[in-house]
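Survey of secondary and tertiary structure
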Amino acid sequence: MDLRQKLYQMFILGTDGNGYEKALQEGLGGIIFFTKDIQSPEQFKNLIEDIKSKSLIPPFLSIDQEGGRVERTENIHGGKKYLSAKYAFEKGILAEQTEAIAKELKSYGINMNFAPCLDVNTNPDNPIIGERAFSNNTDDVIKCEKTVSERYRKNGIIPCAKHFPGHGDANADSHLTLPRIDLSLEEMEKTHIKPFAACAKTIETIMVAHLHCTCFEKDVIPTSMSKNAINYLRKLGFDGVAISDDMIMAGASATHVATANNIEETCNACEKAIRAGLNMLIYRNSTPETIDIIEKIAEKAEHDKELQENIEKSYEKIMGLKNKKNML
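Residues numbered from 1 in each chain as written. Predicted model: local features only at pLDDT ≥ 70, side-chain atom pairs only at ≥ 80, totals over all residues. Heavy atoms only, no water.

1. Observations concerning the overall build of the protein
For clarity, the cut-off: Numbering of helices and strands runs from the N terminus, with a helix taken as a DSSP run of H or I at least four residues long and a strand as a DSSP run of E at least two residues long. Note on method: radius of gyration uses C-alpha positions; expected globular size equals 2.2 Å times residues raised to 0.38. Under the convention used here, a 1.4 Å probe and the Shrake-Rupley method define accessible areas, while residue burial counts only the protein chains that appear. Only four residue types enter the charge count, namely Lys and Arg as positive and Asp and Glu as negative; His and the chain termini do not. In this description, the location of a charge corresponds to atom NZ of lysine, CZ of arginine, CG of aspartate or CD of glutamate.
Summing up its helical and strand segments, the protein has 12 helices and 10 strands in all. A compact globule built from 328 residues would reach a C-alpha radius of gyration of about 20 Å, and the protein, at 18 Å, matches this within 12%. With respect to the principal axes defined by its C-alpha atoms, the protein has extents near 50 × 50 × 35 Å. Total accessible area on the protein is roughly 13,100 Å²; 47% of this is exposed by carbon and sulfur atoms. If the 41 positive side-chain charges of the protein are averaged to one point and the 48 negative ones to another, these points end up 5 Å apart.

2. Looking at helix H9 (residues 227–235)
Counted only if it meets this: Note on classification: 1.4 Å probe, protein chains only; a residue is buried when its accessible area is under 20% of the maximum for its type, exposed when over 50%, partly exposed between these limits. By definition, the arc is the one covered by directions from the helix axis to the C-beta atoms.
Here H9 has its buried residues at Ala 229, Ile 230, Tyr 232 and Leu 233. Burial along H9 is one-sided: seen end-on, the buried residues are contained in an arc of 155°.

3. Regarding the sheet that holds strand E10 (residues 280–285)
Note the cut-off: Pairing between strands is defined by DSSP: at least two bridges between them are needed. In this analysis, two residues are considered to be in contact whenever any of their non-hydrogen atoms come within 4.5 Å of each other. Axis angles are defined between N-to-C directions and span 0 to 180 degrees, where every axis is a line fitted to C-alpha atoms and, for a helix, only to the segment in contact.
Taken together, 8 strands build a closed barrel; the order of strands is E1-E2-E3-E4-E5-E7-E9-E10 and the barrel is parallel. As judged from the 2 bridges shared by strand E3 (residues 60–63) and strand E4 (residues 112–113), these two strands associate in the parallel manner. What sits directly across from Ile 63, in E4, is Asn 113. Lying over the sheet, helix H3 (residues 41–53) contacts strand E2 (30–33) and E3, oriented at roughly 165° with respect to E2.

4. Some details on the environment of Glu 271
Here Glu 271 shows up in helix H10 (residues 263–276). Taking C-alpha positions, Glu 271 is 9.9 Å from Lys 296, a pair spaced 25 residues apart along the chain. Residues contacting Glu 271, with those up to four places away along its chain left out, are Ile 297, Lys 300 and Leu 307.

5. Some thoughts on the state of the cysteines
Definition in use: What counts as a disulfide here is a pair of cysteine sulfur atoms lying within 2.5 Å.
A complete count under the given rule lists 0 disulfides for this structure. For Cys 213, which is in no disulfide, the shortest distance to another cysteine sulfur is to Cys 215 and amounts to 5.2 Å. Given a relative accessible area of 1%, Cys 213 falls into the buried group.

6. Comments concerning the pattern of salt bridges
We apply this condition: By definition, a salt bridge exists where a carboxyl oxygen of Asp or Glu is found within 4 Å of a side-chain nitrogen of Lys or Arg.
If you walk through the whole model with that rule in mind, you get 27 salt bridges. Of the charged contacts in the structure, one is a salt bridge between Arg 72 and Asp 64, with a shortest N-O distance of 3.6 Å. Residue Arg 72 is classed as buried on the basis of its relative accessible area, which comes to 16%. The salt bridge partner of Lys 194 is Asp 139, with a shortest N-O separation of 3.6 Å. On the criterion of sequence distance, the pair formed by Lys 194 in helix H8 (residues 194–199) and Asp 139 in helix H6 (residues 138–154) is long-range, its members being 55 residues apart. Residue classification places Lys 194 among the partly exposed residues on the basis of a relative accessible area of 36%.

7. Re the pairing of E2
Let me state the cut-off plainly: Seen with its strands pointing away from the viewer, a crossover is right-handed when the path leading from the first strand over the helix to the second is clockwise.
Of the two faces of E2, the one lined by Gly 30 and Ile 32 and the one lined by Ile 31 and Phe 33 are each fully buried. Examined bridge by bridge, strand E1 (residues 11–16) and E2 share 2 bridges and lie parallel to one another. Directly across from Leu 13, in E2, lies its bridge partner Ile 31. A crossover links E1 with its parallel partner E2, the connecting element being helix H2 (residues 19–26), and its sense is right-handed. Note: E2 against E3, 4 bridges, orientation parallel. The residue of E3 that forms the bridge with Phe 33 is Ile 63. Handedness of the crossover is the feature at issue here: the chain leaves E2, passes through H3, returns alongside E3, and the resulting connection is right-handed.

8. Notes on the packing of aromatic side chains
By convention here, two paired aromatic rings are described through the distance between centres and the angle between planes. The condition that has to hold: For this analysis, a ring pair means two rings from Phe, Tyr or Trp (six-membered ring only for Trp) whose centres lie within 6.5 Å, classed as stacked if their planes differ by under 30 degrees, edge-to-face if by over 60, and tilted for the remaining angles. By definition, being over a ring means that NZ of Lys or CZ of Arg is both within 6 Å of the ring centre and within 35 degrees of the ring normal.
This model, assessed by the stated rule, comprises 5 aromatic pairs. Where Phe 11 meets Tyr 283, the ring centres are 6.4 Å apart and the plane angle is 20°; that geometry is what we call stacked. Separated by 272 residues along the polypeptide, Phe 11 in strand E1 and Tyr 283 in strand E10 bring together distant segments of the chain. Of the two residues, Phe 11 and Tyr 283, neither departs from the other in class, the shared state being buried. Centre to centre, the rings of Phe 33 and Phe 44 are 5.0 Å apart; their planes meet at 90°, and the pair counts as edge-to-face. A residue pair is termed long-range when its members are at least 10 positions apart, and Phe 33 in strand E2 and Phe 44 in helix H3 qualify at 11 residues. Take Phe 33: its relative accessible area is 0%, and that puts it in the buried class. Geometry around Phe 60 places Lys 322 over its ring, the cationic atom sitting 4.7 Å from the centre.

Purely geometric stuff here, so don't read any function into it on its own.
Structure (structure tokens):
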């Protein structure tokens, strides 16, 4: 694998734009699926088999399947949904429901789910988390993480804890802007970081949020591009693959406005995230503009030792996880 192919391993792309097909042949690290990709079990299995056949290296085949508001298989289920994390926990069926989700995803060929959501929902006005959180009690969230992650692993699904360092106190949606969380590190550790700290040495992947947490950065820098935040995550004992939330979200842009086709701005954001220590970057599309971003970073990395080193480190982590999960 050359440096460019190793950089392609650092990206998880959606199917919009069809650039993913060529990217798979260049070494693309993963695909993320959305509701539009899943029309029937047979169609979805065929799509996954087609993707695997075109891949230079077996990709992470990923999805956001939390239950409730964040669910991608509703076409297959005729609009019927699993319970959200909060209600599955409160009704005492979290283990049973997680088992069902994991078995279903595995039957299609999925190998990674962006769950469990470890946000502690302390802000009742939070517009994006709410019932996606298991609880507003930190210890309950820790207990739920163990239940969910264990059942995913048992069924061959890689879990991803999100959204570090905790989206629960936000009063804005990071899809639409960059939320500011103005809590001290002590306050964050006591409530919001604690679930991530509890699973840091066992969880395979963690998704880093687009949040401005003043405990890590006084300047307006998203945690997804903050060396301080990502170094802190590593000091918790996390040695797995750190993944960004979707990079087309407004929280990831310099202007805090979603600008999926602004190549220069999104290139800068990706470069900052890689320099900060993120290992993989999600884009919900694979338009020509998205592919251009990867190519431009690859070109810059040829003459930039820091970028080269970070790409190499990320490639080793990604391939290490794929090897551990018998994907290679």
